[in-house]
Protein chains: 2
Amino acid sequence: MIETPRSQYGQIAELIRGRIQDGTYPAGSLLPSEDRLAEELRVSRVTVNRAIGLLRSSGDVKVRRGTGTVVRSLPRIHRDAQARYAARQEGSGAGEVEVRKLSLKSRTEYREIGRTTTPPAVAQTLGLRKGEASLLRSRVLYANDEPTQIADSYLPWSITKDCKPLMQADAGKGGSYGRLAELGHGPVRFTEDVSIRMPSEEEQRTLDLDASQPVFEIWHVAYTAEDRPIEVCIHVMPGHVWTLRYGWDDQQAPKDR
Amino acid sequence: MIETPRSQYGQIAELIRGRIQDGTYPAGSLLPSEDRLAEELRVSRVTVNRAIGLLRSSGDVKVRRGTGTVVRSLPRIHRDAQARYAARQEGSGAGEVEVRKLSLKSRTEYREIGRTTTPPAVAQTLGLRKGEASLLRSRVLYANDEPTQIADSYLPWSITKDCKPLMQADAGKGGSYGRLAELGHGPVRFTEDVSIRMPSEEEQRTLDLDASQPVFEIWHVAYTAEDRPIEVCIHVMPGHVWTLRYGWDDQQAPKDR
């Protein structure tokens, strides 16, 4: 495409990004101070500061108060939607598939498991009556102790209320979908609605983000063979951590291939 | 979830967003000046200014120099990946399906159609040899004259070079996939890799964005029945304009349903 001249701070950001990629500034290391960078690159400190701001938003560096600017250490994680849910029988659930594949240490921390008032948009998606409660399973996932997503899963309370394993962090073999299947409501089809937004202040704290770092919001909906929506799981995932992968067969292609 | 107190400017942003949603400030209208809002809401002008900054990043308003702050007029567009490619026979291509569905005026403007040096990452995805050229079909799409996406489609030059319709904006019935099928390379399967990033300066100009507004980058790859990647289309789409929809059948579910 047509390339146009970039702002000076944009060029400095590109230069620093290049040094991160070629290993001059290794993952997890401390970047030289803004003063030193300004001196070396012969630009003003303001320019370096704006460049670092860009690298911060894009997740290439993190600014640690009292420490300095640290180069990103987590690799980008690829989330293959079909593969992750297909792999769920092997472990306790789908949640940690991608992280383990990268040989990162995976950890799930449940924040809340129990009966909750269903948020209106979730109630609408699940086709619940006004005031009908849900079982909320809310968790934060980590890779190498860095938070990678919040996942809030809502299931109709009327279906789940007597299922003890669903009230625990470890829902047993096949995770919560395994239990739903035993209850006669196993999912056979999924949809995901993906949008981008800026993180709330609570999400910034939980996911270690600043206000300038966008997140994916995924509404994952599971449907039964009767086409009943049986679960809504809302995933909030830092944009710079994830690439989402989806795949499908062309519906116009000959079916007999 | 646990709700924690929000910053004052966050609360003011929420209040203004509420007024946009309930029609107090209708789509396309001018917001009251920051001074007037500050006076009415009994907060400082700095607070109102930061609140407007949030609403700008989220795409709820646009700041027009010399005019003021204008309420967003374009509705959110839902892009159903399977449906859009399945619908491509009806028109000339898949590009305008979602926009027409919302009764918005759709327009595609080609910026470049022709032989190009293949970018390294595209060459790798298409399995091209080093230095092998591509046909680039680069376009900007609009809804009601607002830019909604850049789409740069790369096809192997060796396959496409003698196909005249592919060298034109209107590639004929079924769009470029129709032509690929006639050339014996019709796509039967697609993958999409979705990531979030901040827009480049050129993209900010083309898509009427500011530097704080994140975009989706989608790498759409089409495969032939022989599993050859035959097209890479890179979509750059403002996050606040789009919600992406994907769906699939559970690969663990009984196949005979």
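In this text the structure is predicted, and so the values were computed from the model without any measurement.

A. Examining the nonpolar core more closely. Counting residues in each nonpolar core, the largest one holds 60 residues, and the members touching the most others are Phe216(A) and Phe216(B). The contact partners of Phe216(A), leaving out residues within four places of it in the chain, are Val194(A), Ser195(A), His235(A), Val236(A), Met237(A), Gly239(A), Trp242(A), Leu244(A), Val194(B), Ser195(B), Ile196(B) and Phe216(B).

B. Spatial organisation of the packing of aromatic side chains. Going through the model one piece at a time under the given rule, you end up with 13 aromatic pairs over all chains. On the numbers, 3.9 Å between centres and 0° between planes, the contact of Tyr246(A) with Tyr246(B) is stacked. Separated into two different chains, Tyr246(A) in strand E10 (residues 242-249) and Tyr246(B) in strand E10 (residues 242-249) make up a pair that spans both. By relative accessible area, Tyr246(B) is classed as buried at 3%. Between Trp248(A) and Phe190(B), the aromatic rings sit 5.6 Å apart at their centres with planes inclined by 45°, giving tilted as the arrangement. Placement of Trp248(A) in strand E10 and of Phe190(B) in strand E7 (residues 187-197) is noted, with the two residues assigned to different chains. Residue classification places Phe190(B) among the buried positions, given a relative accessible area of 0%. Counting every residue linked through ring pairs, the aromatic cluster contains Tyr85(A), Tyr177(A), Phe190(A), Tyr246(A), Trp248(A), Tyr85(B), Tyr177(B), Phe190(B), Tyr246(B) and Trp248(B). Lying over the aromatic face of Tyr9(B), Arg50(B) brings its terminal NZ or CZ to 3.9 Å of the ring centre.

C. Inspection of the interface of chain B and chain A at higher detail. Counting residues at the interface gives 52 residues for chain B and 52 residues for chain A. When chain B packs against chain A, the two sides together hide about 4,800 Å² of surface, and 54% of this comes from carbon and sulfur. At the boundary of chain B and chain A, one finds two salt bridges. In this structure, Arg245(B) engages Asp193(A) in a salt bridge whose closest nitrogen and oxygen atoms are separated by 2.3 Å. Secondary structure elements with two or more residues in the side of chain B that touches chain A: helix H4 (81-86), strand E4 (106-117), strand E5 (133-143), E7, helix H9 (201-207), strand E8 (215-224) and E10 of chain B. Here the side of chain B that touches chain A takes ten residues from E7(B), the largest share from any one element.

D. The arrangement of the sheet that holds strand E8 (residues 215-224) of chain A in detail. The strand order across the open sheet built from eight strands is E4(A)-E5(A)-E6(A)-E9(A)-E8(A)-E7(A)-E10(B)-E3(B), with neighbouring strands paired in mixed fashion. A strand with exactly one partner marks an edge of an open sheet, and here the two such strands are strand E4 (106-117) of chain A together with strand E3 (77-80) of chain B. Ignoring which end each strand starts from, the neighbouring axes of this sheet average 20° apart. Together, strand E5 (133-143), strand E6 (146-156), strand E7 (187-197), E8 and strand E9 (229-238) of chain A form the strand contacts of helix H8 (residues 175-182) of chain A, whose direction differs from that of E7(A) by roughly 140°.

E. Seen up close, the relation of the copies chain B and chain A. Once chain B is rotated about the relating axis by 180° and shifted along it by 0.0 Å, it coincides with chain A to within an RMSD of 0.0 Å. Taken together, the rotation and translation describe the operation of a two-fold axis. Here 100% of the contact residues of chain B are again contact residues in chain A; the copies associate through an equivalent surface.

F. A look at the UniProt feature "domain: HTH gntR-type" (unreviewed entry) in chain A. Taking the UniProt record as the reference, the feature "domain: HTH gntR-type" (unreviewed entry) is found at residues 6-74 of chain A. In this annotation, residues 6-74 of chain A is assigned 51% helix and 12% strand; the end-to-end C-alpha distance for the span is 28 Å.

G. Local environment of the confidence of the model for chain A. Scored by pLDDT, chain A has a mean of 90; 93% of the residues are at 70 or more. This complex was scored by the predictor with a pTM of 0.90 and an ipTM of 0.89.

H. Representation of the domain arrangement of chain A within the structure. Residue and element names in this part refer to chain A. When its domains are assigned, chain A resolves into domain 1 (8-71) and domain 2 (77-245). The straight-line distance from the C-alpha centre of domain 1 to that of domain 2 is 35 Å. Between domain 1 and domain 2, the contact holds six residues from the first and seven residues from the second. A buried area of about 520 Å², summed over both sides, lies between domain 1 and domain 2, and 30% of it is on carbon and sulfur atoms. For domain 1, the biggest contributors to the area lost against domain 2 are Arg56, Ser57 and Lys62; these three give 72% of the whole. The tally of links from domain 1 across to domain 2 stands at four salt bridges. Between Asp208 and Arg64 there is a salt bridge; the shortest N-O distance is 3.0 Å. At the junction of domain 1 and domain 2, the tally comes to six residue pairs in polar contact (both at pLDDT 80 or more).

I. Molecular detail of the state of the cysteines. Residue and element names in this part refer to chain B. Taken as a whole, this structure holds zero disulfides over all chains when the rule is applied. We note that Cys163 lacks a disulfide partner, and the nearest cysteine sulfur, in Cys233, lies 17 Å from it. Classification of Cys163 as buried rests on a relative accessible area of 10%.

J. Quick peek at the pairing of E3(B). All names here are of chain B. Judged by which residues are buried, E3 turns out to be one-sided: Ile77 and Arg79 face inward and are buried, whereas His78 and Asp80, on the alternate face, are not. As paired elements, E3 and E10 share four bridges and run parallel to each other. Bridge assignment links Asp80 to a residue of E10, and that residue is Arg245.

K. Expanded view of helix H8 (residues 175-182) of chain B. Residue and element names in this part refer to chain B. Across the eight residues of H8, six count as buried, placing the element largely inside the fold. Of all the residues in H8, the buried ones are Gly175, Ser176, Tyr177, Gly178, Arg179 and Leu180. Taken from the residues just after H8, Gly184 is the one with a positive phi, measuring 85°.

Scoring rules and cut-offs
- Residues numbered from 1 in each chain as written.
- Chains lettered and ligands numbered in written order.
- Predicted model: local features only at pLDDT ≥ 70, side-chain atom pairs only at ≥ 80, totals over all residues.
- Heavy atoms only, no water.
- Core = buried A, V, L, I, M, F, W, Y, C linked by side-chain atoms within 4.5 Å.
- Buried < 20%, exposed > 50% of the residue type's maximum accessible area, 1.4 Å probe, protein only.
- Contact = heavy atoms within 4.5 Å.
- Phe/Tyr/Trp six-rings, centres within 6.5 Å; stacked < 30°, edge-to-face > 60°.
- Helix = DSSP H or I, 4+ residues; strand = E, 2+ residues; numbered from the N terminus.
- Lys NZ or Arg CZ within 6 Å of the ring centre and 35° of its normal.
- Buried area = accessible area lost by both parts, 1.4 Å probe.
- Salt bridge = Lys/Arg side-chain N within 4 Å of Asp/Glu carboxyl O.
- Pairing = 2+ DSSP bridges.
- Axes fitted to C-alpha atoms, helices over the stretch in contact; angles between N-to-C directions.
- Least-squares fit on C-alpha atoms with pLDDT ≥ 70 in both.
- UniProt positions renumbered as here; feature names shortened; annotations may be inferred.
- pLDDT = per-residue confidence, 0-100.
- Domains from an automatic or database assignment.
- Polar contact = N/O pair within 3.5 Å; in protein donor to acceptor, adjacent residues only side chain to side chain.
- Disulfide = S-S within 2.5 Å.

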